[in-house]
Amino acid sequence: MTTANPECAQPHKSPSGSLRLDDETLRFVGQMVMVGFEGLTVTPEIRMMIEKYYVGGVLLTRRNIRDGVQLARLTQELQNIAQSTGFQRPLIIGIDQENGMISRLGDGIRGTHFPGSMALGATRSPSQAFDIAKATAKELVAVGINWNFAPLLDVVSESNSSVIGVRAFGDDPQAVGRYGVAFAEGLRAGGIGHCAKHFPGTGQVTNKDGSRSSTFNFKTRDKLGANELIPFRRAVSAGLDSVMLTSAIWGENLQGDGRITVPADAKHIIHEVLRRQLGYDGLTVCDVTDMPGYGQGLDVGEAAIIAVKAGCDMLQIYDKPEAQRKAIEAVYEAIGAGEIATSDIYRSSGRALQLKAHYLSWRTALAAPDPQRLSSLMQEHRSLARTVYENSITVVRDEKSLLPLSSHIRSTDNILLLTPVVRPLYHRAPDELPIDPFECLGRALARHHPKVRHAPYTVRGITSTHVALIKRAAAVIFVAANANRPNTNSQLETAGAVHRLCLNKPLVTLAACDPYELLTDRTFGTYMCTYEYSPMALETAAAVVFGERHASGSLPITIPGTPALRQQRSWFVEVWEKRRDLFASADLWRDCLGRKWPLDASTLSALLDRPGYSKHFVVRRAMNNELLGLVATYTVMAGPSQLVGSLALLIVRPSHRNLGIGLSLHDVAVRHLSKQQGISSLQLGSIFPRLFPGLPVDLPSEDLSWFAHRGWKLEDKFLYDLYMQIDTWSVPEGGMPPLPEKGVSFNCCNPDQFDALIEFEEKNFGTYLGWVDKYQALKATDDIADAMIAYTSQGIVGAALIFSPVGNNQISKDIPWPKMIGERVGGIACMGVKAECRGQGVGLGLICASIMELKQRGLRGCFVDWADFEGTYKELGFSQWGKYREIWRNV
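Since we're looking at a predicted model, the values are computed, not measured.

Points about the confidence of the model for the protein chain
Low pLDDT means the predicted atomic positions in that stretch should not be read closely.
Here is step 1 of the chain: Averaged over all residues, the pLDDT of the protein chain is 88; the fraction at 70 or higher stands at 91%.
Here is step 2 of the chain: Throughout residues 205-213 the model reports pLDDT below 50, and contacts reaching past four residues in sequence, or to other chains, amount to 20 contacts.
Here is step 3 of the chain: Confidence drops under pLDDT 50 across residues 564-568; counting only partners more than four residues distant or on other chains, this segment forms 21 contacts.

Printed below as a string of structure tokens:
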């Protein structure tokens, strides 16, 4: 432990003259105090706190900052005062620079505005959190700041979002720990100390009336912070400089009654949980002016004594100078009265001095400020900040595929931007006019579209003027900011009113701060999050709206009521367009599947281009529009008013797998199919047109697990494609049962039998998806003879469809694989036998009759589509061409 000079350790009166303490004790008490002040230059009050009370730390706020040059001079003068007063180590000069919505220095002019914690969490990249923290530290060091009260390790939840909100990295404790450690290490690498907060988690929820309660009141000590402690446990293991205690540890309301009683929970949390269980022996900090009841029965002196007795090492006192003096003198009195042990003072101040020895030196603290240093750093860091913002903007859902908005409006159409009136993000001097923080969003949108009207709305909601503007607009962009906070419910009401007025026009909703605002309200089908309303975040969001940028962010919180599946990254997904995407899709198919399943562009076009019941989506590279992924979907009739959705194809370029492209495409496809009226189930695979009837079994096992983790039900049922050369084939001897003797005959259907055939199919196979439709379509193309039927004197007992690559039969266009196998390859599909006639050889007879008909037409091969058994076919000489697992999910 560092001690004062022996000659200084003589009895002295305290500055108030009320009692005598040695100078060493006075100085050690001062090392335990951090105060704030108002002013752009050194004031008499802050000078007195350093010279007479030996305060070891100064907390700067927006009121102390005009620009970088002024701030550097201010911090240097403060350090000069400390040195001339005999301080062994420089002052801790701290600031709350969490970034994002808590950005005391960075506003794009005074310093770089860096993305905040939740924006960093949305990038899914702890390395970017490290880079941002290191860059933040460099700019703070350039102006003489050596301590940052960050990172914030609180785990956000729906209940505490109004208290913590976007200041948290997310709602996953493990992820919060990873990002928090990365941020702390980045600050350290940039040359400044850090203070993780708020231990052991915010512990506060906001009640309906706006009041706050401590969640610790509802937990036993054993269960205290089981979820909240995870990030702190990880950070303590990695090494923490200091820890800020949450004000919730003090209980609901502390009342000063002349007796100083320390809440038992506070002692337990500091000594038992933090010190013993987590093994932390570093500096603890608390804001005594944030204690419950402060200023309402609890005075500053009592608050300071409670904090010290509870085990807090450094007291933040952000109040008027008189209150700061009173708090320090109350500690003096408590020491003199034996209420606070001197050994506790030495231990706490020793922790502060130890950290100062690690980070601070007089050479750095007193160095002449370089007026160009900060501006050069800002130029260097601007591109880093922009990159991270581009990786953080999140499209939570786009159920009607409104993005990019330019694909739904004309250049002559009006776009209306509706934004709330909120507090400015940056402090303005008294002589400066206030600036609407969303003006930059309006300007950014106008750079992409010539006709944008910006209309702010207040707590009174929309007016008749707003209604008129909405009616004239072709599309509306509605922005909410902190709509879930107490007294801001009007934003949610306004959002509902706007939605009702936009039922027939595109409505894009943007949460410019708290992502919980409209997260679960799916009536807002297109929902974006920026996590803050800083200029660079809003400018990036405007680029996403118009398709100039990909929304790469991934929501760092779980949508209430849904599984907590985490994306590697979310990509901008667009609707597939034949003119633009066909040949690129064919190239993508070739790279992904072409070796085993080669398809040319013409065949792929016939499969994908199905207006009315198909919709496909793509992801492309931003730099050169290269197609990186494709998902194909269809809807198939399963009854008079029932549909089945098919996710028929999902492919990602091999060089870009495991980056979240497949997940982004999957989620968009599932949302699209799920919202179609009449769809109650989804199939992985497709029926007609037929790409794959299920998941090919020769794919890696991790592909199967990937779908299982996303709600798909893996069936223990397999489907088969089979193939056989038939140019030399003949019916195996003894292979055909004596069907003629049983009165069963086979022939190609004729027009007189067609109505009976359709009746047979509807009665026996009406529930088979797409089956009856293929038989009915034969009449329109004059291909009735492509139905092979088995019949007796009682009527039709079985049927099969046969097809060739040159016929008009639609099924030949729906099944691409025979054409891929060879030029003269036909096929059999939709083969079924009446239930009471099964097991009598009718199915075998149908297969043989169909093969013979194909041979007579000059075909050399036979492909059997979608068989749920293969035994009979193999007996005739067929071999397995493909095997697939059936996979379904409910909507």
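Considering the side chain of Arg 710
Here is step 1 of the chain: Its place among the elements puts Arg 710 in the loop between α21 (701-708) and β27 (713-725).
Here is step 2 of the chain: No salt bridge is formed by the buried Arg 710; the nearest opposite charge belongs to Asp 667, separated by 5.6 Å.

Description of the packing of aromatic side chains
Here is step 1 of the chain: Summed over all chains, the structure comprises 23 aromatic pairs.
Here is step 2 of the chain: Considering the side-chain rings of Phe 199 and Phe 232, the 5.1 Å spacing of their centres and the 90° angle between planes classify their relative orientation as edge-to-face. Here Phe 232 lies in helix α7 (residues 229-238) and Phe 199 lies in strand β9 (residues 193-199), a separation of 33 residues in the sequence. An identical accessibility class is assigned to Phe 199 and Phe 232; each is buried.
Here is step 3 of the chain: When the ring of Tyr 613 is compared with that of Tyr 634, the centres are 6.4 Å apart and the planes differ by 45°; the resulting orientation is tilted. Of the two residues, Tyr 613 sits in the loop between α19 (601-608) and β22 (614-620) while Tyr 634 sits in strand β23 (residues 627-637), which places them 21 residues apart along the sequence.
Here is step 4 of the chain: An aromatic cluster is present here, built from Trp 589, Trp 597, Phe 692, Trp 817, Phe 863, Trp 881 and Tyr 884 joined pairwise through their rings.
Here is step 5 of the chain: Over the face of the ring belonging to Tyr 54 we find Arg 27, whose NZ or CZ atom lies 4.2 Å from the ring centre.
Here is step 6 of the chain: Above the face of the Phe 718 ring, Lys 883 is positioned so that its terminal group lies 4.6 Å from the ring centre.

Considerations on the packing of helix α13 (residues 373-392) against helix α17 (residues 535-545)
Here is step 1 of the chain: The N-to-C vectors of α13 and α17 enclose an angle of 50°; their axes lie 9 Å apart at closest approach. By the criterion of interaxial angle, the relationship of α13 to α17 is oblique. The hand of the α13/α17 crossing is right-handed. Two secondary-structure elements touch here, α13 through Arg 382, Ala 385, Arg 386, Tyr 389 and Glu 390 and α17 through Met 536, Ala 537, Glu 539 and Thr 540.
Here is step 2 of the chain: Grouping the amino acids of the contact of α13 with α17 by side-chain chemistry returns four nonpolar, one polar and four charged.

Quick word on the sheet that holds strand β18 (residues 475-480)
Here is step 1 of the chain: Strand order in this open sheet of six strands is β15-β20-β19-β18-β16-β17, and the pairing throughout is mixed. Of all the strands in the sheet, just β15 (394-398) and β17 (452-457) have a single pairing partner and so form its edges. On average, adjacent strands in this sheet sit at an angle of 20° to one another, irrespective of strand direction.
Here is step 2 of the chain: Of the strand pairs in this sheet, strand β16 (residues 415-420) and β18 are connected by four bridges, and their pairing is parallel. Across the sheet, the residue bridging to Ile 415 is Ala 475, located in β18.
Here is step 3 of the chain: Across the sheet, helix α14 (residues 439-448) is in contact with β16, β17 and β18; its angle to β17 comes to roughly 160°.

Let's talk about the nonpolar core
Here is step 1 of the chain: Ranked by size, the top nonpolar core spans 120 residues in total, and within it Ile 46, Ile 50, Leu 78, Phe 199, Trp 250, Leu 315 and Ile 345 carry the most contacts.
Here is step 2 of the chain: Ignoring anything within four residues of it in the chain, the contact list for Trp 250 reads Pro 263, Ala 266, Cys 286, Met 291, Pro 292, Ile 306, Ala 307 and Ala 310.

Some words on helix α15 (residues 464-472)
Here is step 1 of the chain: When we look at burial in α15, the residues that qualify are His 466, Leu 469 and Ile 470. On an axial view of α15, the arc spanned by its buried residues comes to 100°, and they lie on one face. Facing away from the buried surface of α15 by more than 90 degrees, the exposed residues are Ser 464, Lys 471 and Arg 472.

Observations regarding the UniProt feature "domain: N-acetyltransferase" (unreviewed entry) in the protein chain
Here is step 1 of the chain: Within the UniProt annotation, "domain: N-acetyltransferase" (unreviewed entry) is assigned to residues 573-729 and 744-891.
Here is step 2 of the chain: Helix makes up 38% of residues 744-891 and strand 32%, with an end-to-end C-alpha separation of 44 Å.

Overview of the pairing of strand β24 (residues 643-652)
Here is step 1 of the chain: For β24, the buried fraction is high: nine of the ten residues fall into the buried class.
Here is step 2 of the chain: In terms of strand pairing, β24 meets strand β25 (residues 679-684) through five bridges, oriented parallel. Bridge pairing in β25 links Leu 643 to Ile 679.
Here is step 3 of the chain: Taking the sense of rotation as the criterion, the β-α-β connection linking β24, helix α20 (residues 661-674) and β25 turns out right-handed.

About the cut-offs
- Residues numbered from 1 in each chain as written.
- Predicted model: local features only at pLDDT ≥ 70, side-chain atom pairs only at ≥ 80, totals over all residues.
- Heavy atoms only, no water.
- pLDDT = per-residue confidence, 0-100.
- Contact = heavy atoms within 4.5 Å.
- Helix = DSSP H or I, 4+ residues; strand = E, 2+ residues; numbered from the N terminus.
- Buried < 20%, exposed > 50% of the residue type's maximum accessible area, 1.4 Å probe, protein only.
- Lys, Arg positive; Asp, Glu negative; His and termini not counted.
- Salt bridge = Lys/Arg side-chain N within 4 Å of Asp/Glu carboxyl O.
- Phe/Tyr/Trp six-rings, centres within 6.5 Å; stacked < 30°, edge-to-face > 60°.
- Lys NZ or Arg CZ within 6 Å of the ring centre and 35° of its normal.
- Axes fitted to C-alpha atoms, helices over the stretch in contact; angles between N-to-C directions.
- Parallel < 35°, antiparallel > 145°, perpendicular 65-115°, else oblique.
- Left-handed = near helix turned anticlockwise from the far one by under 90°.
- Nonpolar A, V, L, I, M, F, W, Y, C, P; charged D, E, K, R; others polar.
- Pairing = 2+ DSSP bridges.
- Core = buried A, V, L, I, M, F, W, Y, C linked by side-chain atoms within 4.5 Å.
- Arc of directions from axis to C-beta.
- UniProt positions renumbered as here; feature names shortened; annotations may be inferred.
- Right-handed = clockwise from strand over helix to strand, strands pointing away.

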